[in-house]
Structure formats: C-alpha cells, structure tokens
Amino acid sequence: MTSPAMKAVVSDRYGPPEVLRVVDVPRPSPKPGEVRIRIVASAVTASDIFIRSAHVTPILLQVPFRLMIGVTKPRHPILGFVFSGVVDEVSVQARRFRPGDAVYGMTGFRLGAYAEYRCMIESDSRRHGCLARKPANLTHEEATAAVYGGSLALQYVDQGAIRPGDDILVYGASGTSGTIAVQYAKSLGAHVTGVCSTHNLDLVASLGADDVLDYTRDQAPPPGAHYTLVLDSVGRLKSSKLKTACKQALAPGGRYVSIDDGDLQLSSERIDRLTTFIESGVLSPVLGRTYPLGEIVEAHRFVEGGHKRGGVAVSIG
Ligand SMILES: NC(=O)c1ccc[n+]([C@@H]2O[C@H](COP(=O)([O-])OP(=O)(O)OC[C@H]3O[C@@H](n4cnc5c(N)ncnc54)[C@H](OP(=O)(O)O)[C@@H]3O)[C@@H](O)[C@H]2O)c1
C-alpha cells in the first residue's frame with residue numbers, strides 16, 4: 001500500500017530562493033522511538049538561508065558545513081529548520097509526548113520542517129534536533145519565532161553571566177534573537193541598551209530597552225558608557241561604525257559575545273525554560289511577517305534582504 005502524500009518544500013541544489021519547489025512527497029510514519037508531528041507552522045530563519053544557499057563565512061567553515069548538510073547538494077532535500085505543530089502519532093517506545101500534544105522545536109541538520117508532517121525522536125541531538133511542549137499562549141507561527149530566537153538569546157545572554165544592575169548592550173535588537181535578548185536581559189535586572197535602525201527604535205523601546213541607539217545615525221555610544229556585556233545578536237556579516245565603537249566600550253572585565261561564536265545548542269531543557277518564561281509573560285516573541293507555504297520563495301527573498309523584524313513564519317497546516 002502506498003503511503004498518503006503530503007506537501008513539502010524541496011531543493012535538489014544549493015542556490016537562490018528560486019531553487020525551492022513545493023511538491024508532493026510520501027508522508028512519513030514514525031519509527032520506533034519517534035513521534036510524528038503535523039506541522040502547523042515553520043519559519044524562514046538565518047539558518048534556513050545559510051543552508052539553502054550553502055553560503056557561510058568565513059570561507060574556512062564551508063568544508064565542515066557542506067560535510068554536514070551535503071557536499072554538492074542538500075543531503076536532505078526537504079528543507080526547514082524550525083517547526084511548531086501537534087503530535088498526531090507516536091511509536092510504542094515514545095514516552096514524552098502523546099497524540100494531541102502541541103510541540104515546537106528545531107530539526108537539526110536533517111531539516112524537514114517545510115512539510116506537513118515530520119517524525120522526530122523525543123531526545124535531543126545535533127543531528128535529530130529537539131522538541132518541547134509549545135507555550136499555550138502563542139500561535140504556532142509565533143512559536144516558531146520563539147523557539148529559534150529564544151534558544152539563541154538564552155544561550156548567548158547566559159554566557160554574559162548577567163547580574164542585576166549590569167549595563168548590557170544588545171547589538172541588532174530588532175532581529176529574531178535580539179528582540180528576545182533585550183527582554184531576557186531586562187528580566188535578569190540589567191540596564192539594557194538596544195541597537196537598531198531608525199524604523200525599529202519604537203519597537204525596541206517597547207520591549208523594555210532603557211536606551212536605544214540607531215546604527216544608521218549614531219557613530220558611538222554616549223560618552224562615558226561602558227558595558228559589562230556587549231551581545232552581537234546579528235553576527236559578523238552585519239556591521240557598522242557603531243558596532244566597532246560598542247566593542248571598544250566594554251567595562252573593565254566586560255565581555256563581547258557574538259551569536260556566531262560556537263554552535264547553537266539544540267536543547268529541549270532550554271526550550272522548556274523558554275516555555276515557562278513565555279507562559280509567565282516574562283518573554284514575548286516578535287513575529288514580523290507570515291507567508292503561506294506556497295509563497296516560500298518570496299519569504300526567502302524577504303529574509304535574505306536582512307531587515308526582518310523579529311521572526312518570519314511560514315503557515316503550513
Ligand atoms: N551560533 C550559531 O550556531 C548560530 C545559529 C543560527 C544563527 N546564528 C546567527 O544568529 C544571527 C541572528 O539571526 P536573527 O534571525 O536573530 O537576526 P537576523 O535576521 O540576522 O537580523 C535581523 C535584524 O538585523 C538588523 N540589521 C540589519 N543590518 C544591520 C546592521 N548592519 N547592524 C545592526 N542591525 C542590523 C535588521 O534591522 P534593520 O532592518 O533595522 O536594519 C533586522 O531586524 C544570524 O545572522 C546568524 O549569524 C548563529
């Protein structure tokens with residue numbers, strides 16, 4: 001008997017957004033230890049852009065990156081790194097989740113979130129990803145921004161070991177991770193300065209930032225400003241005179257942390273913490289735009305432009 005079909009976004013080569021195609025593929029069935037998720041929403045993240053284009057910098061990282069995702073073409077043709085959905089079938093060995101549970105997570109390098117169904121093992125791994133219970137107060141689209149931006153923000157803000165009263169600067173405060181980093185640093189009692197461009201000043205102030213700097217106008221932090229943590233939440237590809245000046249405005253013993261240093265850890269324990277913060281109102285993800293699955297090419301074009309606000313979701317279910 002042939003398995004029923006499902007819609008998925010596939011790519012059989014690396015390249016621009018136009019390599020993405022919506023096709024019918026067989027629906028997967030859960031293997032022992034797996035649960036099957038009916039995906040309601042995915043996202044277009046920085047990771048999806050890197051994987052689709054196979055373009056990473058510095059060039060030295062190209063070889064290990066391609067070994068992970070496929071040397072000449074994507075090893076797993078169904079792309080998509082982030083999902084939110086509902087468990088619809090579980091194998092006998094599955095223990096954590098039951099049919100009907102709403103979950104969100106990241107797939108790891110086997111990708112596959114641009115599809116109506118995806119099977120996942122319940123435990124964390126770099127290859128197989130991670131999943132956790134979805135916050136009840138978010139839509140599935142919002143949940144995709146939360147899990148990606150929140151996992152990055154918690155991992156990298158925690159590296160700063162923030163104490164109440166610390167002066168923290170979040171460079172790139174309007175991105176998926178930056179919007180959550182500002183809120184998380186505030187919740188830890190820091191005095192937070194957010195950096196963004198003119199049209200996002202109000203957004204970043206509304207997230208709780210005490211001060212906001214505009215990287216398109218300001219050339220340096222205010223005289224006398226010194227930060228215990230400068231978090232670069234947009235990575236090495238996006239820079240400005242202000243970014244260089246912020247790096248030089250560290251307090252004695254202060255730290256500069258780049259979101260590009262080391263790997264994003266796929267941790268369900270961290271996502272569970274995120275769920276608690278979101279449900280208690282401490283953190284709230286920002287969702288800039290939502291595209292239907294059929295407009296995946298447009299969604300990738302928009303995100304590749306580099307100026308999204310918060311996250312960009314893709315509605316599937
Ligand atoms: N370590 C890892 O394993 C790992 C994994 C995944 C991602 N990452 C890194 O995480 C980064 C963050 O991704 P994200 O989705 O949160 O954000 P993002 O999409 O990279 O950033 C979007 C924001 O960047 C702002 N921006 C654009 N140019 C800027 C500039 N020159 N200076 C300051 N801000 C600028 C835009 O605001 P305006 O429109 O106002 O300009 C926009 O709101 C990725 O780019 C990647 O480098 C690392």
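Our structure is the block above this text.
What counts and what doesn't
Residues numbered from 1 in each chain as written. Predicted model: local features only at pLDDT ≥ 70, side-chain atom pairs only at ≥ 80, totals over all residues. Heavy atoms only, no water. Pairing = 2+ DSSP bridges. Helix = DSSP H or I, 4+ residues; strand = E, 2+ residues; numbered from the N terminus. Axes fitted to C-alpha atoms, helices over the stretch in contact; angles between N-to-C directions. Contact = heavy atoms within 4.5 Å. Near = heavy atom within 4 Å. Polar contact = N/O pair within 3.5 Å; in protein donor to acceptor, adjacent residues only side chain to side chain. Areas by Shrake-Rupley, 256 points an atom, 1.4 Å probe, with all protein chains shown as cover. Nonpolar A, V, L, I, M, F, W, Y, C, P; charged D, E, K, R; others polar. Core = buried A, V, L, I, M, F, W, Y, C linked by side-chain atoms within 4.5 Å. Buried < 20%, exposed > 50% of the residue type's maximum accessible area, 1.4 Å probe, protein only. Parallel < 35°, antiparallel > 145°, perpendicular 65-115°, else oblique.

Attention now goes to the sheet that holds strand E11 (residues 227-232). Sheet architecture is open: five strands sit in the order E10-E9-E8-E11-E12, paired in parallel fashion. Unpaired on one side and paired on the other, strand E10 (211-214) and strand E12 (250-258) mark the two borders of the sheet. For this sheet, the mean angle separating the axes of adjacent strands, direction not counted, is 15°. Relative to E11, strand E8 (residues 167-171) is paired through four bridges, and the arrangement is parallel. Looking at E11, one finds that Ile168 is bridged to Leu229. Running at roughly 170° to E8, helix H4 (residues 176-187) makes contact with E8, strand E9 (191-196) and E11 of the sheet.

A few words now on the site of the ligand. The full set close to the ligand counts 29 residues, and Tyr171, Ser197, Tyr215, Asp260 and Lys308 are the nearest of them. In the environment of the ligand, a nitrogen atom lies 2.9 Å from a nitrogen or oxygen atom belonging to the backbone of Gly262. For the ligand, whose unbound accessible area comes to 920 Å², protein coverage reaches 92%. Of all the elements in the fold, those that place two or more residues in the shell around the ligand are helix H1 (46-53), helix H3 (140-158) and H4. Taken together, the residues of the shell around the ligand break down into 10 nonpolar, 15 polar and four charged.

Take the nonpolar core next. If you look at soluble globular proteins, the nonpolar side chains tend to sit buried side by side. Counting residues in each nonpolar core, the largest one holds 77 residues, and the members touching the most others are Ile37, Val44, Phe83, Tyr104, Met106, Leu131 and Ile296. Here the element with the most residues in this core is H3; it accounts for nine residues. If near-sequence neighbours (up to four positions away) are discounted, Val44 is found in contact with Ile49, Tyr114, Ile296, Ala299, His300, Val303, Lys308, Val312 and Val314. Of all hydrophobic cores here, the second largest spans nine residues; its members include Leu169, Val195, Val230 and Cys246.

Right, let's get into the environment of Ser240. Summarising the element assignment, Ser240 is placed in the loop between E11 and helix H6 (241-247). The exposure class of Ser240 is buried, given its relative accessible area of 14%. Sequence spacing of Ser240 and Asp218 is 22 residues, and the spatial spacing of their C-alpha atoms is 9.6 Å. Ignoring any residue separated from it by four or fewer positions in sequence, one finds Ser240 in contact with Tyr171 and Tyr215.

The next point concerns the packing of H3 against helix H7 (residues 268-279). The N-to-C vectors of H3 and H7 enclose an angle of 105°; their axes lie 10 Å apart at closest approach. Looking at the two axes, H3 sits roughly perpendicular to H7. Between H3 and H7, the contacting residues are Ala146, Val147, Gly150, Ser151, Leu154, Gln155 and Asp158 on the first element and Arg270, Ile271, Arg273, Leu274, Phe277 and Ile278 on the second. Residue composition of the contact of H3 with H7, by class: seven nonpolar, three polar and three charged.

In this model, Leu111 sits at a positive phi of 55°, which is unusual for a non-glycine residue. Along the chain, Leu111 falls in the loop between strand E5 (102-106) and strand E6 (117-121). Here the phi dihedral of Ala161 falls at roughly 45°; this positive angle occurs in a residue that is not glycine. Looking at where Ala161 falls in the secondary structure, it is placed in the loop between H3 and E8.

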